[in-house]
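Each chain, letter by letter, is given below.
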Amino acid sequence: MTVIFERRFERTLSRLVADGKPGQNFEAWTFDDRESRQQAERALAEKGISARIRSAYKPLVNAFIEDIDLHDVDTIEIRYPVHPNAPENRFRLEAYPLAAMVGNREITFIARADSDFHYDVLLKGNAGEERQLKVLAPNRVHIDAAGETSVSPTGWLLRDGNATGDRLATDYEQLFEETIAAVTHFDWGTSEPYFEELNIRVALPALDEALPVGDEVMSLREALHEDFYFSLLEFFQKKSSRPLGDRGLKPGQIVPQILQSSGQISVKVETQLLSTRYWDGPEQQIETATEPLAVQQIEAELDKLGGEPFEAATRSGRTVRARYVKGSNAAVMISGGQHANETTGGAGALRAARRLAKVEGAHFTISPLENPDGYALHQRLRQDSPRHMYHAARYTALGDDLEYRTEETAGPYLFEKKIRFEAERLSGARLHVNLHGYPAHEWTRPLSGYVPRNFAMWTLPKGFFLIARYHSGWAAQAEQLLDKVTRHLGAIPGLLDYNDRQITLYEIHAGETGFRIINGFPCLANIDDRHTVPMTLITEYPDETIYGDAFIAGHIAQMETVLSAYRAWQEIMASS
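Below is a short write-up of the structure. Predicted model, so just to flag it, every value in this text is computed and none were measured. (Residues numbered from 1 in each chain as written. Predicted model: local features only at pLDDT ≥ 70, side-chain atom pairs only at ≥ 80, totals over all residues. Heavy atoms only, no water.)

1. A few points about the packing of helix H7 (residues 295–305) against helix H8 (residues 344–356)
Point 1. Close contact between H7 and H8 brings their axes to 10 Å; oriented N to C, the two are set at 15 degrees. The orientation of H7 relative to H8 falls into the category roughly parallel. Once H7 is placed against H8, the crossing between them reads as left-handed. Seen from H7, the contacting residues are Ile 298, Glu 301, Leu 302, Lys 304 and Leu 305; seen from H8, they are Leu 350, Ala 353 and Arg 354.
Point 2. For the contact of H7 with H8, the per-class residue count stands at five nonpolar, no polar and three charged. (Axes fitted to C-alpha atoms, helices over the stretch in contact; angles between N-to-C directions. Helix = DSSP H or I, 4+ residues; strand = E, 2+ residues; numbered from the N terminus. Parallel < 35°, antiparallel > 145°, perpendicular 65-115°, else oblique. Left-handed = near helix turned anticlockwise from the far one by under 90°. Contact = heavy atoms within 4.5 Å. Nonpolar A, V, L, I, M, F, W, Y, C, P; charged D, E, K, R; others polar.)

Spelled out as structure tokens, the structure:
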């Protein structure tokens, strides 16, 4: 265990209160929750200072929550800046989910020709009256941890008599920048993996604020977790001379733990040994499970299926368990948990396998938890804030995406990937149904350009999404599969309405979708010869952070996808 960096930080709000002088009124933008900002305003008022402290994170959304009165407003027009160093829709995305927060009022987003960091808001009343507002959105252009130019939200200070204001280097930004600098300047040697676990433990006094839209929540702690995790991945990608976004990188397990504190801001970065513990939850009825299944229960459900067991080891020494049920049908591989923070796939896979095992001629493999090291990390992190998406648990203990390992390039690190090769060898399957998920609420990286680099398409929920990846010559089968599966899924009560609501909100805030709609479901289909089986059907259910009835709806959709794909595949193979 090696301590790399440790420091406490003065809270920006405390400094603003301490430095305030009577009569020196000001406006400030900081990375703090609403309660903390309002408490600081009251403390300043007691000193004779009129101060307004706003949120530097999602300033337009917060302005509508805290300042803008929509009484008698019928129509809202928002003009947003377009910056040459940011995606065209960056500031439109940052306004999410405003369109769903203003009731049945008409709202329009219009791109401005300039890059000034503010929104122009026009409110039109039912009697023809109009109000024009300017909402500042402080940003800075900078070189980020990956060496890329980013346009990122920042703190700001606007004193009486100063028309433009100045950047305020906040505690949130300082903590991030100094921590990243300490990690990037450390001597990591030259060989992957560089560590077992790199733990970044942060204490931050920032309460989450749930929004009245679906699973949406504004969380500075969750955003910091995401920014630390992906910024450090990008640093190690560059260190290893890989392109940004390379999923074969094996740095080790990067674990940001952003914990709620009562007022203190601190960070400690250290290397640790890999954990081998599971944080198991309660046993549940699998058909009505309201949260991710305990590993013990997953293994017990596999045992009930019968068939031939097979397994693979992980870096930490955990075991990936799977079953092969041999039959006369066209074989199908079923998997879940490749990305372990995507939680409905495992339950959906097991529920489907229960039913398939009773079908005459059933022929399939099932590995419902392909990444147990990531799953254990997800269970561990959920103890602190269950509604955070925790992408640190997405990859394996090696820090890579197991799908991108090959027998030719993995060397001694094939580990979990062996489960797929064995499933294919045993069954001869030509279809792999690979169950995934994605964030159920907005995903941001506020200190590195806001929109998650290489994942921009997944920054907002957009319903239950299907992806077909296939070898050359299999396009017709892919189209048949998507058509048959989406027709079946469309009969699930409420699912099409759920899709429509999310897609409509996505289109308002993101603009162009970039995907097709097949029978009411967003889909992608493309040639990908990287997979060893010729046809892969990938599900993407917005399941990161959902519980209760929403979780049940998620694993029902996953289960029905497996069952409908299995039936469709029998028809497609019979007619080929």
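2. Some words on the sheet that holds strand S10 (residues 155–159)
Point 1. Sheet architecture is open: four strands sit in the order S3-S2-S10-S11, paired in mixed fashion. Two strands close off the open sheet at either side, each with one partner strand: strand S3 (51–55) and strand S11 (166–168). Along the sheet, successive strands turn relative to each other by an average axial angle of 25 degrees, direction set aside.
Point 2. Looking at chain direction, strand S2 (residues 26–30) and S10 are connected through four bridges and run antiparallel. (Pairing = 2+ DSSP bridges.)

3. Observations regarding the nonpolar core
Point 1. Membership of the largest hydrophobic core comes to 89 residues, with the highest contact counts inside it found for Phe 64, Ile 76, Ile 78, Leu 198, Leu 224 and Phe 236.
Point 2. Looking at this core element by element, the count peaks at ten residues for helix H6 (residues 220–239).
Point 3. With 56 residues, the next largest nonpolar core counts Ala 353, Val 433, Ala 478 and Leu 537 among its residues. (Core = buried A, V, L, I, M, F, W, Y, C linked by side-chain atoms within 4.5 Å. Buried < 20%, exposed > 50% of the residue type's maximum accessible area, 1.4 Å probe, protein only.)

4. Things to note about the sheet that holds strand S4 (residues 73–80)
Working definition: the strands of a sheet are paired by backbone hydrogen bonds and lie parallel or antiparallel to each other.
Point 1. The four strands are arranged S5-S4-S6-S7 in an open sheet whose pairing can be described as mixed. Looking at strand neighbours, the two that pair on one side only are strand S5 (106–111) and strand S7 (130–136), the edges of this open sheet. The sheet shows a mean angle of 20 degrees between the axes of neighbouring strands, taken without regard to direction.
Point 2. Where S4 and S5 come together, six bridges link them in parallel fashion. Bridge pairing in S5 places Glu 77 opposite Thr 108.
Point 3. Packing of helix H3 (residues 59–66) onto the sheet brings it into contact with S4, strand S6 (118–125) and S7, and relative to S7 it is tilted by some 130 degrees.

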